[in-house]
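Survey of secondary and tertiary structure
The chain contents come next:
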Protein chains: 2
Amino acid sequence: MGHAETFHGYAPEQGYDFLRNIIAKEDFQEKGCDISADEIFISDGAKCDCGNIQELFSLDSVIAVCDPVYPVYVDSNVMAGRSGLYNGETGRFDKIVYMPCTADNGFLPEFPKEHVDLIYLCFPNNPTGEAIKKADLQAWVDFANKNGAVIIYDAAYEAYITEAGIPHSIYECEGAKTCAIELRSFSKKAGFTGMRLGFAVIPKDLKSGDVSLNAMWMRRQGSKYNGTPYIIQRAGEAVYSPEGKAQVAEQIARYMKNAKTIYTGLKDAGFTVYGGVNSPYIWLKTPNDMKSWDFFDFLLNNAGIVGTPGAGFGPSGEGYFRITAFGTYENSLKALDRIKNL
Amino acid sequence: MGHAETFHGYAPEQGYDFLRNIIAKEDFQEKGCDISADEIFISDGAKCDCGNIQELFSLDSVIAVCDPVYPVYVDSNVMAGRSGLYNGETGRFDKIVYMPCTADNGFLPEFPKEHVDLIYLCFPNNPTGEAIKKADLQAWVDFANKNGAVIIYDAAYEAYITEAGIPHSIYECEGAKTCAIELRSFSKKAGFTGMRLGFAVIPKDLKSGDVSLNAMWMRRQGSKYNGTPYIIQRAGEAVYSPEGKAQVAEQIARYMKNAKTIYTGLKDAGFTVYGGVNSPYIWLKTPNDMKSWDFFDFLLNNAGIVGTPGAGFGPSGEGYFRITAFGTYENSLKALDRIKNL
C-alpha cells in the first residue's frame, strides 16, 4: 500500500475480476451450475448481504422466514419497516410469515399458505444444523417460480456438507436462476470472521416484473458500498490455491470431527440430537421439556458450558439448544464428559 | 490470521478500542472537542456511512442537501423512498430541499425556508473545494438545534484544511453534540481508498424525540454490519503513530502543492477558480458560460485532460468543472501547461 507500483485504490464495487472469476469457475461452473462472474458480487461478509439484500424489495413485500431463524433476516426487515408490530404473546411480528421447523417436520419448512414475495432459506441450517435434500430444494424452487417469489438462499455453511445428495448451491436446482439469490461466506468456510469476505450471487435471469435484480444490486452497491479491501480479496483468492484448499479441508475436517464426537456422545448419553452431519451445529432437544433458557442456566451452572438457547432464534426454537463444533477437539471432549456426568 | 495466538475473529461491530480511543483522543479531545470513544463507530469507509446513516430516520423525514452535492446523499435517500419523483426539467427530486451553493453566495448554503429534518453538509466541500468558517458553521448548529433538525456533517476532507479559523470538526461549535453526526474518512487523509476505513461520530446527547441515535446506530451496526477487518483497523491505528503522521503530512503537503499550483496557474491564465486552499479540489467556472459537459469535451479533445463536469453534482453545478489535485506534481504541471496553451 505504501508504494505506487503496488498501491490499489478504490476497488470495483462488485469485486475484483480475479476473485469473481475463480468463484464462478470453481464454486459453480465446475459443479454444473451455470453462473458467470458478472453474477457474483463480492462483499465484506454474508451478514451485510443478509442485512442489505432486502433493500431490493418494496416495503409492502411479504417475507417468509423459517422458525427458528438466523436473527438478521428478521431484524433487517423490522428496521426497514416491513414486519408490522411485535406480538409479545406469540413472539412473532404481525406481518412476517413464519415457517416452523421442528422435529415434527424434520426441520424442513412447509410452503406458506398465504402469498409471500420473499423467502429466506438457510441450508445447511443455522441454528438446527439440518441440511436439505436436492429434491426438497427443487420443490422450493418450483414453488417460488410458480408463485413469483424470490428465494434468498443463505449457503454460508455449504462447505460443511459431507453427504451426497445434499446441494451445495441452489443453482443445482433447475429454474433457480429465475427465482433465487444465493449468499456465501468465507467466514465459515475459511475462518475469515475477522477478515470480512463473502459474496452474493444474483443471476441476470432473475427479474422482479421487468426489473433485473442483478442491475439493481449493481446500482445499490455502486451507490452505498465502496468495494471490499484489495488485500482481503487477495486472501480470498488464496483460499482457492492448492495450499488454501488443503488448509480449508483440514480445518473443516477438524470441526466436523468435533461435530461427530459431540453428536454421537450426546446421543449415546441419551439426548435427542439433530444436525452435526452436514453442519458444525448440533441441535439438542432439551431433556424433560426444559425451556431453552432454563437448560442454558442448568448447563452453565452445573457443567460450566455455554451454548445458545434455541428460543433466541424464534418461538419454534423453544425447548432446543444449539451446540457448536467451532472449538478444539480437547474442549469438545471435555464439555461432552461434563454433560455425560451431569 | 493463520496462527491461533494472533488470530482475530469477529471484531466488535463498533470497532476495536485501540482505534476508537486514539481517534477520540487525538482527533477530538486534544482539539477541544468533548467526544468519547463510545461515540465513535468504525466503519469500512465514509461512503458506506453516508449511504447508511439515513436508515436512522423515518421515511417521511425531509432532507436538505447542498446543490451541487456529493451524489451519495441524494441517491441513498432516493433508494430509501424519501425523495419523491425526479423532475427532468429542474433536475431535482420533488421532496428534497436543495440549497444552491454558487459564486453568488460564496458557496455557502442558505437556511431552508421550509421545515427540514435532516441537513447534509460537507466541508471542506466536495465538489466546490470551499471551506466553511467557524462562525458560519456555528450558525448552522444553532439553526439545527432551534428547528429540531439533525446535521450529517461530512468532514472527509478536513485533513486538507490549511487556514486558521476553519473548523476541522463540527464539534468545535457549541451545541453540536445535540444536533450533529460527523463522518470521517481515512481514504482522503491517508490514502485508504483500497483499504476501506472511516468512522461516524454520534454523540450520546443526540436524540430524536426520546430516542438516542447513538444507541440506535449501535443496534443498526450490530444487526447489519460485522465490523471492520482487524488488520485494516491496525493500519488505521498506524496513521496516528509518529511515522504515520509524518507520512500523512508529507502526502497532504504534496497534494496541496498541486492544488496551489493548479489554482494559481489557472487564475493567472484568466480562469475564475474557487476552492483549492483548504481542499484538494479546484472548482472552475467554465469560460464563456460553456456548459459543464461541453467544457469536459473541449478539455478532453483539445488538451487530453479529464475532469469532472459540475452538472454531475446537481443543477447548480452547471457551468462549473471540478479539477483534482490528487495526481502527481509533474502531471499537474503538464495539464496546466496544456490548458494555458488552449
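In the block above lies the structure referred to throughout.
Residues numbered from 1 in each chain as written. Chains lettered and ligands numbered in written order. Predicted model: local features only at pLDDT ≥ 70, side-chain atom pairs only at ≥ 80, totals over all residues.

What follows covers the interface of chain A and chain B. In this assembly, 28 residues from chain A lie in contact with 28 residues from chain B. For the side of chain A that touches chain B, the secondary-structure elements that each account for two or more residues are α2 (46–52), α3 (71–80), α6 (213–224) and α7 (230–238) of chain A. Considered class by class, the residues forming the side of chain A that touches chain B number 11 nonpolar, 10 polar and seven charged. (Contact = placed C-beta atoms within 7 Å. Helix = DSSP H or I, 4+ residues; strand = E, 2+ residues; numbered from the N terminus. Nonpolar A, V, L, I, M, F, W, Y, C, P; charged D, E, K, R; others polar.)

All names here are of chain B. Mapped onto the fold, Glu5 is located in the segment before α1 (17–28). Using a count of 4 C-beta atoms within 10 Å as the deciding quantity, one classes Glu5 as exposed. Along the sequence, Glu5 and Ala24 sit 19 residues apart, while their C-alpha atoms lie 29 Å from each other. (Buried ≥ 20, exposed ≤ 12 C-beta atoms within 10 Å, placed from the backbone.)

Residue and element names in this part refer to chain A. What the seven strands build is an open sheet, ordered β1-β9-β8-β7-β6-β2-β5; its pairing is mixed. Where the open sheet ends on each side, the last strands, each with one partner, are β1 (40–43) and β5 (97–100). Going from strand to strand, the sheet's axes swing by 20° on average, the running direction of each strand aside. Two strands pair when backbone bridges link them, and strand β2 (residues 63–67) and β5 are joined in this way by four bridges, in the parallel orientation. (Pairing = 2+ DSSP bridges. Axes fitted to C-alpha atoms, helices over the stretch in contact; angles between N-to-C directions.)

Turning next to the environment of B:Gly304. Residues and elements named next belong to chain B. Note that Gly304 resides in the loop between α9 (292–303) and β14 (308–309). Residue Gly304 is classed as exposed on the basis of its 10 C-beta neighbours within 10 Å. C-alpha of Gly304 to C-alpha of Thr162: the two residues are 142 residues apart in sequence and 31 Å apart in space.

The geometry of a pair of packed helices is captured by two quantities: the angle between their axes and the separation between those axes. All names here are of chain A. The interhelical angle for the contact between helix α1 (residues 17–28) and α7, taken along N-to-C directions, is 30°, at an axis separation of 9 Å. Between α1 and α7, the interaxial angle falls into the category roughly parallel. Handedness of the crossing formed by α1 with α7: left-handed. Seen from α1, the contacting residues are Phe18, Leu19 and Ile22; seen from α7, they are Gln233, Gly236 and Glu237. In terms of residue class, the contact of α1 with α7 is made up of three nonpolar, two polar and one charged. (Parallel < 35°, antiparallel > 145°, perpendicular 65-115°, else oblique. Left-handed = near helix turned anticlockwise from the far one by under 90°.)

So, on to the relation of the copies chain A and chain B. Mapping chain A onto chain B leaves a residual RMSD of 0.0 Å; the transformation is a rotation of 180° accompanied by 0.0 Å of translation along its axis. Such a combination of rotation and displacement between the chain copies is what one expects of a two-fold axis. A share of 100% of the interface residues of chain A reappears at the interface of chain B, consistent with the copies meeting face to face through the same patch. (Least-squares fit on C-alpha atoms with pLDDT ≥ 70 in both.)

For the rest of this paragraph, the subject is the sheet that holds strand β15 (residues 320–324) of chain A. All names here are of chain A. With antiparallel pairing, four strands are arranged side by side in an open sheet as β12-β13-β15-β14. The open sheet has two free edges, formed respectively by β12 (272–275) and β14 (308–309), since each of these has just one partner strand. For β12 and strand β13 (residues 281–285), the ladder comprises four bridges, and the chain directions are antiparallel. Residue pairing in the sheet places Tyr274 in a bridge with Trp283 of β13.

On to α9(B), then. Residues and elements named next belong to chain B. Given a rise of 1.5 Å per residue, 12 residues ought to cover 16 Å, and the 16 Å separating the end C-alpha atoms of α9 matches this to within 8%. Turning to α9, its buried residues are Ser292, Phe295, Phe296 and Leu299. Projected down its long axis, α9 shows its buried positions confined to an angular sector of 105°, all on one face. Exposed residues lying more than 90 degrees from the buried face of α9 are Asn301 and Asn302. Two residues or fewer after α9 comes Gly304, characterised by a positive phi angle close to 65°. (Expected span 1.5 Å × (residues − 1). Arc of directions from axis to C-beta.)

It is worth stressing that arrangement in space is one thing and function is another; only the former is reported here.
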